[in-house]
Amino acid sequence: MKILLIEDNRETADYIFQGLQEKGHVASVSQDGREGLFRAASENWDMLIVDRLLPGMDGLSLVHTLRGGGVHTPVLFLTALGGIDDRVAGLNAGGDDYLVKPFAFAELIARVDALGRRPLQTAVETVLRVADLEMDLLARSVRRGGRTIELQPREFRLLEYLMRHAGQLVTRTMLLENVWDFHFDPRTNIVESHISRLRSKLNKNGIELIHTIRGSGYSIRAPA
Amino acid sequence: MRLPRLFRTTSFRLTLLYAGLFSLSVLFLFAAVYWSTVGLMSRQIDETVRNELIELQTAAPGGGLLELQQVVQEYAARSPSFFYLLQDADGHVLAGNLPALAPEPGLRKLSWRSEPPPVNLGNAAKGIRGYGMKVADGAYLFVGLSSNELRRMQTALDRSFLWSLAVTLVLALLGGAAMSLGPLRRVEAISRASRDIMGGDLGRRIALRGGGDEFDHLASSLNAMLNRIQVLMNGLQQVSSDVAHDLRTPLTLLRQRLELARRRGANVETLYAAFDHSIRDVDAILDTFGAILRITQIESGSRKAQFARVGLSELLEGLVDTYQPVAEEKRQRLSSAIAPDLSIEGDRELLTQLFANLIENAINHAPPGISIGVGLSQTARGLEAVVSDSGPGIPSAYHQKVFQRFYRLETSRTSPGNGLGLSLAAAVAELHEASISLSDNHPGLRIVVVFPAERVSQDTDAARGTSGAKSAVDYAAVRP
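The shown structure was predicted, so the numbers you read here are calculated from the model rather than taken from an experiment.

Trainee: Whenever I open this one, the overall build of chain B confuses me. Can you help?
Mentor: Within chain B one finds 10 helices and 12 strands. The proportion of buried residues among the 480 residues of chain B is 26%. Within chain B, counting contacts between residues at least 6 apart in sequence, those at least 24 apart form 64% of the total.

Trainee: For this particular structure, what's the right way to read the pairing of strand 11 (residues 210-213) of chain A?
Mentor: When a strand is regular, its side chains alternate between the sheet's two faces. All names here are of chain A. Where strand 11 meets strand 12 (residues 217-220), four bridges bridge the pair, whose relative direction is antiparallel. What sits directly across from H211, in strand 12, is S219. The antiparallel pairing of strand 11 with strand 12 creates a hairpin that spans three residues between the two strands, and G215 there sits at a positive phi of about 75°.

Trainee: Looking at this structure, I do not really get the packing of helix 4 (residues 214-264) of chain B against helix 5 (residues 268-300) of chain B. What am I missing?
Mentor: Any two packed helices are characterised by how steeply their axes cross, that is the angle between the axes, and by the distance between the axes. Residue and element names in this part refer to chain B. Remark: helix 4 packs on helix 5, axes separated minimally by 10 Å, with the N-to-C direction vectors making an angle of 165°. The pairing of helix 4 with helix 5 is recorded here as roughly antiparallel in orientation. Classified by chirality, the crossing of helix 5 by helix 4 is left-handed. Residues V243, D246, L247, P250, L251, L253, L254, R257, L258, A261 and R264 of helix 4 lie in contact with helix 5, whose contacting residues are T270, L271, A274, H277, S278, D281, V282, A284, I285, T288 and I292. Its residues placed into classes, the contact of helix 4 with helix 5 shows 14 nonpolar, four polar and four charged.

Trainee: What exactly am I supposed to notice about the sheet that holds strand 8 (residues 141-144) of chain A here?
Mentor: Each strand in a sheet pairs with another by means of backbone hydrogen bonds, the pair being arranged parallel or else antiparallel. Residues and elements named next belong to chain A. Spatial ordering of the open sheet is given by 6-7-8-9, a layout of four strands whose pairing is antiparallel. Of all the strands in the sheet, the pair left with one neighbour each is strand 6 (127-130) and strand 9 (147-149). Averaged over all adjacent pairs, the angle separating strand axes in this sheet is 25°, with direction ignored. Bridge count between strand 6 and strand 7 (residues 133-136): four bridges; the pairing is antiparallel. Following the sheet pairing, R129 is matched in strand 7 by E134. The strands that helix 6 (residues 153-164) touches are strand 6, strand 7 and strand 8; relative to strand 6, the one it contacts most, it runs at about 70°.

Trainee: Got a minute to help me understand the sheet that holds strand 11 of chain A in this structure?
Mentor: All names here are of chain A. One open sheet holds the three strands; their spatial order is 10-12-11, and the pairing between them is antiparallel. Sheet topology places strand 10 (170-171) and strand 11 at the edges, where each strand pairs with a single neighbour. Across the face of the sheet, helix 6 comes into contact with strand 10, strand 11 and strand 12 while running at roughly 75° to strand 12.

Trainee: Can you help me understand helix 5 of chain B in this one?
Mentor: Residues separated by three or four positions in an α-helix point in the same direction, a consequence of the helix having 3.6 residues per turn. Residues and elements named next belong to chain B. Between its first and last C-alpha atoms helix 5 spans 47 Å; for 33 residues at 1.5 Å apiece the expected length is 48 Å, and the two agree. Three or more residues of helix 5 are buried, namely T288, G290, A291, I292, R294, I295 and I298. Taken together, the buried residues of helix 5 touch helix 4, helix 7 (348-365) and helix 8 (421-431). G301 sits one or two residues past helix 5 and shows a positive phi near 80°.

Trainee: What's the story with the nonpolar core in this structure? I'm lost.
Mentor: I49 and V50 of chain A together with L312, F355, I359, A425 and V428 of chain B are the most contacted members of the largest nonpolar core, which totals 106 residues. The element best represented in this core is helix 7 of chain B, accounting for nine residues. Dropping the residues within four chain positions of it, L312 of chain B is found in contact with L342, S343, I344, L376, L383 and A385 of chain B. Counting residues in hydrophobic clusters, the runner-up holds 22 residues, among them V49, L68, F82 and L85 of chain B.

Trainee: Honestly, the interface of chain A and chain B in this entry has me stumped. Any pointers?
Mentor: Interfaces are often sized by the accessible area lost when the parts come together. Each partner contributes residues to the interface: chain A has 19 residues there, and chain B has 23 residues. The element best represented in the side of chain A that touches chain B is helix 8 (residues 190-202) of chain A, accounting for four residues. Counted by class, the side of chain A that touches chain B contains eight nonpolar, six polar and five charged residues.

Trainee: Explain the packing of helix 7 of chain B against helix 8 of chain B to me, please; I cannot follow it from the model alone.
Mentor: Residues and elements named next belong to chain B. Interhelical geometry of helix 7 versus helix 8 gives an angle of 145° and a closest axis separation of 9 Å. Here the hand of the crossing between helix 7 and helix 8 comes out left-handed. On the side of helix 7, the interface is formed by L350, L351, Q353, L354, N357, L358 and N361, while helix 8 contributes G421, L422, L424, A425, V428, A429 and L431. For the contact of helix 7 with helix 8, the per-class residue count stands at 10 nonpolar, four polar and no charged.

Trainee: It is not clear to me how the pairing of strand 5 (residues 97-100) of chain A should be interpreted in this structure. Could you clarify?
Mentor: Residues and elements named next belong to chain A. Residue alternation in strand 5 divides its side chains into two sets, D97 and L99 and Y98 and V100, and both sets are buried. Pairing of strand 4 (residues 75-79) with strand 5 involves four bridges; the strand directions are parallel. Within the sheet, the bridge partner assigned to F77 lies in strand 5 and is Y98.

Trainee: Any chance you could explain the environment of G167 of chain A here in plain terms?
Mentor: All names here are of chain A. Relative to the assigned elements, G167 resides in the loop between helix 6 and strand 10. On the neighbour-count criterion, G167 (12 C-beta atoms within 10 Å) is exposed. The sequence separation of G167 and H211 amounts to 44 residues, and the corresponding C-alpha distance is 9.8 Å. Not counting chain neighbours up to four residues away, the residues in contact with G167 comprise S219 and R221.

Reading guide: rules and limits
- Sequence order as written defines the numbering, with residues in each chain counted from 1.
- Starting at A for chains and at 1 for ligands, labels are handed out in the order in which the entities are written.
- Reporting of local features is limited, given that this is a predicted model, to residues whose pLDDT is at least 70; pairs of side-chain atoms are given and counted only at 80 or more, and all residues count toward the totals for whole chains, interfaces and linings.
- The helix count covers DSSP runs of H or I at least four residues long, the strand count covers runs of E at least two residues long, and both are numbered beginning at the N terminus.
- Here a residue counts as buried when 20 or more other C-beta atoms fall within 10 Å of its C-beta, as exposed when 12 or fewer do, and as partly exposed in between; the C-beta atoms come from the backbone.
- By definition, residue pairs are in contact when their C-beta atoms, positioned from the backbone, come within 7 Å.
- Paired strands, as defined in this entry, are two strands with at least two bridges between them according to DSSP.
- Between N-to-C directions, angles span 0 to 180 degrees; the directions come from axes that are lines fitted to C-alpha atoms, helices contributing only their stretch in contact.
- In this scheme, roughly parallel covers angles under 35 degrees and roughly antiparallel covers those over 145, while 65 to 115 is roughly perpendicular and the rest are oblique.
- Left-handed describes a crossing whose near helix is turned anticlockwise from the far helix through less than a right angle; right-handed describes the clockwise counterpart.
- Residues are grouped as follows: Ala, Val, Leu, Ile, Met, Phe, Trp, Tyr, Cys and Pro are nonpolar; Asp, Glu, Lys and Arg are charged; all remaining types, including Gly, are polar.
- Expected helix span is taken as 1.5 Å per residue step, with the number of steps being one fewer than the number of residues.
- Any nonpolar core is a set of buried residues, restricted to Ala, Val, Leu, Ile, Met, Phe, Trp, Tyr and Cys, that join up through C-beta atoms within 7 Å.

What follows is the structure in structure tokens.
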């Protein structure tokens, strides 16, 4: 993907830039809000990673201006530690996702991949499939190998999120935010507990589909 | 040169203004008195003199100078209170008891103040007020009366005016000084106390007089403000020292670990392990930082602007669902007794964290085999949310302390957490004007959060269709 990173802190910018390149993305860095806005609007990008605090023009107004100008490139906001109002403000301004600094690199890549996939999913899907696992979004039912699996609403949402991002890394934080709407770090292993419960329900008649990516998160995919 | 402090006070300036106004009114009063006494008297004199003039002329019917001379002589001899003068065109006195005058017609005031009067005008006549007029053959006729009485009255009035003006001014100024000295002393006391406080005597307060006047009001407001500031300052000091203390330990450990790894050098795996461990340490420190910042932001109250209706029943049910598998893994029983369809005005995200913290607290601090209960009900006090467990509990002596930042019981030093969970819960409760309290669950711990009745969302009342009754039976009856 071709990604524009608008971040004024050189070290953070380098850290993200190198990581993105290692993952095969084409990244470009802009260290000033106004310049970033200009480049974001005048070139074609697959994604923008925007810091909230920027010289020249802050990240919020930058994205607000972009959206006002009809630019719908996915935007991932980077916000400072502890800012509890930042997320809502960021999403209101037109951001698609947000990430609190400092973050693990795997987290950033997972977010970038998830966001990058978004446009492909604009077409309304009613059935999600991974190997022999099938989720009918209209009937709210899950079948594996022809057998119906009973899931509780929360488990359904968890599986749905994993399946919508099939083949991608889904981090613990992404699950907490999107399945539980938890925007803080819980002190218990909620995600692990629910995943293990979901696994035991799914695996009664089949092999493991939900893979644990150690230290990062989970990924649902067909066995190779 | 600076004026003495007394003369620079507002009340003294007001006093001066009033003194000025008083003097002005004294002036007007005297003007009126003057006009109605001295003025009246002069007018009477003028009237009498004019009548006398007319009478003289009427008494000399021919109008000739000789006749007039005769009449004047007659009158002068007859009425000694009047002064007459008739002189011819050359200024020779023809008749009367006055010396020659410059022949000016109209009202005249004659006086011989500087030198003794050239004629014997009697002991009283130091001044004469009268009328002069031209008569036949260029002669000049003057009739006057003694103005001594008038003059005496004038002098007396002038003197009493000056005296009363002086007394008025003195009284106004003295009164003003007295009036401004009292408040000035109070103000001085307040500013002295302020200076002492600024000088470091932070416990000092402004003394009240107890009369309940404006200065007492001001002083008690200032004292309340000082108390609040002191509470905030103590909090800040507490936080700073807590932060310093609680972050120094992990940072020291981190430094030791890195140094050890560097010194041993060992193989790549050991280094990687040290890195991983260090990253986890840093994450924990950052986590603590984040929690402190979050608490601070919550305490600032800015989130209140975003309050909306939050379905508390549904939120708690969701949390019970969420934590069910976690508790099960620890072989704990998580049960709920949540009255449906209760909501409050609040911040969903923060309320979620508040109750998640309480439930996690129970899960993390209670041993396997115990049961944890989550409840919500409407009581006379408001909406009462309860998280209880049958674990070891906390001795009641610590029931308040656990809300302090970084406070951790010795027994929980080893369990996960940064000692900020309950502080954050307390901050969120405070933001929602809810009370949070710990009590003994016999056995175990019972944490109750009460959202006062006023905070309870309007929609709840509307949905229940009842206005006054707030018993536990009500919502059960109305639920669909």
